[in-house]
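# Breakdown of the fold
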Amino acid sequence: MLRLEMLSRDGDVIPLFYSQHTSQLLDQQGFRAVDMSDDALLERGATPSRPFVAVDYDQPGRKVREVKKLKIQLGLGCNYSCAYCLQAQQVGNAAASSTRDASEFLENIDGWIAEPEGMEKVELWGGEPLLYWKKIEILVPALKRKFPNAKFSIITNGSLFTREIIDQLKGWDFSVAMSHDGPGQGGRGDDPFEDPHKFVMIQYAQRTFHPRFSFNAVLTPRSHDVNAIIDWFRDYFPGCNVGFEGVVHSYASDPSSIFSMEQLGTFSEALSRQLVDGSALRSLQMHDKLRRAVRSMVNEQSSDVLFQKCGMDMPEYLAVDLKGNVTTCQNVGAIGSHKIGHVSDFDNIALNTSRHWSKRPECQSCPVLQLCQGACMYQGGDNWRHSCNAEFFYNLAFFRAALFILTGRWMVGFGGDIVRPTLKKDRNVEVC
Ligand code: SF4
Ligand code: SF4
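Residues numbered from 1 in each chain as written. Chains lettered and ligands numbered in written order. Predicted model: local features only at pLDDT ≥ 70, side-chain atom pairs only at ≥ 80, totals over all residues. Heavy atoms only, no water.

### Examining the environment of Thr208
Following the sequence through the fold, Thr208 ends up in helix H5 (residues 196–209). The spacing of Thr208 and Phe161 is 47 residues in sequence and 12 Å in space, taken between C-alpha atoms. Separated by 2.6 Å, the side chain of Thr208 and the backbone oxygen of Tyr204 make a polar contact. (Helix = DSSP H or I, 4+ residues; strand = E, 2+ residues; numbered from the N terminus. Polar contact = N/O pair within 3.5 Å; in protein donor to acceptor, adjacent residues only side chain to side chain.)

### Comments concerning the environment of Arg207
Relative to the helices and strands, Arg207 is located in helix H5. Distance in space between the C-alpha atoms of Arg207 and Phe237 is 9.2 Å, their sequence separation being 30 residues.

### As for the site of ligand 1
The environment of ligand 1 is made up of Glu362, Cys363, Cys366, Val368, Leu369, Cys372, Gly374, Ala375, Trp384, Cys388, Phe392 and Arg420. Listing elements by their share of the shell around ligand 1, those giving two or more residues are helix H9 (361–364), helix H10 (369–372) and helix H11 (381–407). Looking at the shell around ligand 1 element by element, the count peaks at three residues for H11. When its residues are assigned to classes, the shell around ligand 1 shows nine nonpolar, one polar and two charged. (Near = heavy atom within 4 Å. Nonpolar A, V, L, I, M, F, W, Y, C, P; charged D, E, K, R; others polar.)

### Thoughts on helix H1 (residues 99–108)
Residues of H1 that are buried: Asp101, Ala102, Phe105 and Leu106. Considered in projection along H1, the buried side chains sweep an arc of 140° and stay on one side of the axis. Opposite the buried face of H1, by more than 90 degrees, sit the exposed residues Arg100 and Glu107. Where H1 is buried, its residues meet strand S4 (69–73), helix H2 (133–146) and strand S10 (317–321). (Buried < 20%, exposed > 50% of the residue type's maximum accessible area, 1.4 Å probe, protein only. Arc of directions from axis to C-beta. Contact = heavy atoms within 4.5 Å.)

### Description of the packing of H1 against H2
As a packed pair, H1 and H2 sit with axes 8 Å apart at the nearest point and diverge in direction by 15°. The angle between the axes of H1 and H2 places the two elements in the roughly parallel class. The two elements H1 and H2 meet at a crossing, and its hand is right-handed. In this structure, H1 uses Thr99, Ala102, Ser103, Phe105 and Leu106 to contact H2, whose residues at the interface are Lys134, Lys135, Ile138, Leu139, Ala142 and Leu143. (Axes fitted to C-alpha atoms, helices over the stretch in contact; angles between N-to-C directions. Parallel < 35°, antiparallel > 145°, perpendicular 65-115°, else oblique. Left-handed = near helix turned anticlockwise from the far one by under 90°.)

### Some thoughts on the side chain of Ser257
Inspection of the secondary structure puts Ser257 in the loop between strand S9 (241–247) and helix H7 (261–276). When near neighbours in sequence (up to four residues on either side) are disregarded, Ser257 contacts Tyr84, Pro221, Val248, His249 and Ser250.

### A word on the pattern of salt bridges
Scanning all chains against the criterion turns up 19 salt bridges. Among the salt bridges present, the one from Arg32 reaches Glu300, with a minimum N-O distance of 2.9 Å. Taken together, the residues span a long stretch of sequence, with Arg32 in the loop between strand S3 (25–26) and S4 and Glu300 in the loop between helix H8 (284–298) and S10 at a distance of 268 residues. With a shortest N-O distance of 2.8 Å, Arg273 and Glu269 are connected by a salt bridge. Of this pair, Arg273 and Glu269 both sit in helix H7, four residues apart, which is roughly one turn of the helix. The exposure class assigned to Arg273 is partly exposed, which follows from its relative accessible area of 44%. Residue Glu269 is classed as partly exposed on the basis of its relative accessible area of 28%. (Salt bridge = Lys/Arg side-chain N within 4 Å of Asp/Glu carboxyl O.)

### So, the pairing of S9
S9 sits mainly inside the fold: five of its seven residues count as buried. Where strand S8 (residues 213–219) lies against S9, five bridges are found, and the strand directions are parallel. Each bridged residue has a counterpart across the sheet, and for Asn216 the counterpart in S9 is Gly243. Regarding the hand of the β-α-β motif, the stretch spanning S8, helix H6 (residues 226–236) and S9 is right-handed. (Pairing = 2+ DSSP bridges. Right-handed = clockwise from strand over helix to strand, strands pointing away.)

### Let's talk about the sheet that holds S9
Reading across the sheet, the nine strands line up as S9-S8-S7-S6-S5-S4-S10-S11-S12 and stay open at both edges, with mixed pairing between neighbours. Of all strands in the sheet, those with a lone pairing partner are S9 and strand S12 (339–342), marking the two edges. Recorded for the sheet is a direction-independent mean angle of 30° between the axes of neighbouring strands. Along the sheet, H5 contacts strand S7 (174–179) and S8; its crossing angle with S8, the most-contacted strand, is approximately 115°.

Structure representation (structure tokens):
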């Protein structure tokens, strides 16, 4: 078990012991450190019981026809070029498609999806998905009929909204998220808030879809003060939903996506305090993530049920383009290694591009495994190591806050048999 050093209000430090695989929190005598009879019971609930699939390059994951979440990749083109965009690396790998492909996609869908009434979610993805509006107009009415129980959603950069598009998406009962980094947007790329015409449309969209509209920010080296980001958006839109897509991952070792270790330490500590004092909980995503952290300890959740956080290793989550190519996830193109199969040959789809967390010694030994679930499953090398470092400190904030909620003590240190990644190119920035 890992040893956690826990500081009380009186200033004494006692150890607690935690297992990332059983989520047990024990005191020195080996008894549960969380009183299961108190209000923490409110957090109890059924834990998922299905074991993960240990996907690896030589142990491909499979997909099932009973798809629960369908991510439709419309094209990776975008009218913006954000600094750290992971999709930018993939644009050349996207298979071009047309409105005719959208029609054929619909004609063929009965051939590969079983139990359409069991579909829970349909997501439309770009690039910038509104660049592909004509395809959307073809697809959505038929998909709505096909999947009557599914929720539909789209993530956009918000720069291509028109009144007609907004009204139509509203008529189709979409929830909408707009990617924007708030005060950090300037470091990311173009800012539609600065264009008066675009801003008016963003106002209209926010008003039209609220509460099913959120501004989604990525936490980056340039902008990672959660409260400052929430305040920035709420200055424009009082009471709006501010979501967070988490910490930026490094896909091209771009400096805009790599935190220094000093930044990560300060960020983690500050976010812990914002979670505990409740100010960060103004964001629903922050609130939900903290609840999950508390719940995993109260329910003593086994790591056996942990798929990757994005879920794209799950057999019933499928990313597909309009040519029917199945890809690792919605962020990659089908030309090249990330094509993992085709819907016309469904039984031979093989997720062989990725590595489940259980195959990485760092994740196996990681205190925040229950919250991070392995970062990006297809990343490797130093890009994965940078992403792992960012995820480690981000999730440590929730771990620390959950421990405080459950024990009244503040974690001031931890130790044990923890394997942290070592960057190959710059050994000066090793951690732990
Ligand atoms: S922080 Fe790193 S080691 Fe820990 S679970 Fe996430 S990716 Fe794995
Ligand atoms: S595999 Fe998952 S984490 Fe990685 S880019 Fe795709 S959706 Fe994101």
